[in-house]
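# Residue-level structure breakdown
So the chains spell out like this:
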Amino acid sequence: MTALLRGMTEQPAASIVLPGLLVIVGLLGVIIPVIPGLIVALIGVLIWALDLSTTAGWVVFGLCVAIYGCGLVAQFLIPGKRMKAAGISNLTLFLGVAVGIIGFFVVPVIGGPLGFVLAIFLLELSKSQDKDAAWRSTKAALRGVLHSIGIELSAGLLILTTWVIGVLVTR
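On a predicted model such as this, the values are computed, not experimentally measured, just so you know.

### Quick word on the packing of aromatic side chains
- One pass over the full model with this rule turns up 4 aromatic pairs.
- Aromatic pair tryptophan 48 and tryptophan 163: ring centres 6.4 Å apart, planes at 85°, arrangement edge-to-face. Here the residue tryptophan 48 occupies a position in helix α3 (residues 38–52), and tryptophan 163 occupies one in helix α7 (residues 131–170), the gap between them amounting to 115 residues.
- Taking the relative accessible area as the measure of exposure, tryptophan 48 reaches 0% and is therefore buried.

See below:
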């Protein structure tokens, strides 16, 4: 352990700290949708791999890109199928996201989720004129969004773990 810490202190702090901060900011971006999220995390790993300039660094970066790709595919397939099964159209989701984005800027932080929920509910209510059916669709859309965030966060944590293991192995 002492040799590992001594080896880490011999390296410039920026070669680990800056990429690590970018990975953490990327994870925060999953939760706070103003930051691009996992792309920022991948940029952090890329900076680390470029600085390291070894095969191991590029293997770690490649694994992180693969994790990102799998997470992206799962993020759109799994919740999307569930929302389709609940009868929520792509147009309704698109409009809900658009109103959520506008709401985020009108009422910072809480305006996004409130705008999304309100838009989905009102659009579904206009289609069916049934409050219970509209609310069921709104809850299904919310579950889908939460599943999507969970999948993206899981991919981000796997990227972080892969990078940390890469740092430990290459030092």
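### Describing the nonpolar core
- With 19 residues, the main nonpolar core has Val45, Trp48, Cys64, Ile159 and Trp163 as its most contacted residues.
- Within the residue set of this core, elements represented by two or more residues are α2 (14–31), α3, α4 (55–85) and α7.
- When residues in this core are grouped by element, the largest group, 7 residues, is from α3.
- Not counting chain neighbours up to four residues away, the residues in contact with tryptophan 163 comprise Ile16, Pro19, Gly20, Val45, Trp48, Val60 and Cys64.
- In terms of nonpolar packing, the next biggest core, distinct from the first, is built from 7 residues, Met83, Phe116, Ile120 and Ala140 among them.

### What about the side chain of glutamine 75?
- Within the secondary structure layout, glutamine 75 lies in helix α4.
- What makes glutamine 75 buried here is its relative accessible area of 13%.
- Within the local environment of glutamine 75, its side chain forms a polar contact with the side chain of glutamate 152, the two groups lying 3.1 Å apart.
- Contact partners of glutamine 75, with chain neighbours within four places excluded, come to Ser148, Ile151 and Glu152.

Rules used throughout
Residues numbered from 1 in each chain as written. Predicted model: local features only at pLDDT ≥ 70, side-chain atom pairs only at ≥ 80, totals over all residues. Heavy atoms only, no water. Phe/Tyr/Trp six-rings, centres within 6.5 Å; stacked < 30°, edge-to-face > 60°. Helix = DSSP H or I, 4+ residues; strand = E, 2+ residues; numbered from the N terminus. Buried < 20%, exposed > 50% of the residue type's maximum accessible area, 1.4 Å probe, protein only. Core = buried A, V, L, I, M, F, W, Y, C linked by side-chain atoms within 4.5 Å. Contact = heavy atoms within 4.5 Å. Polar contact = N/O pair within 3.5 Å; in protein donor to acceptor, adjacent residues only side chain to side chain.

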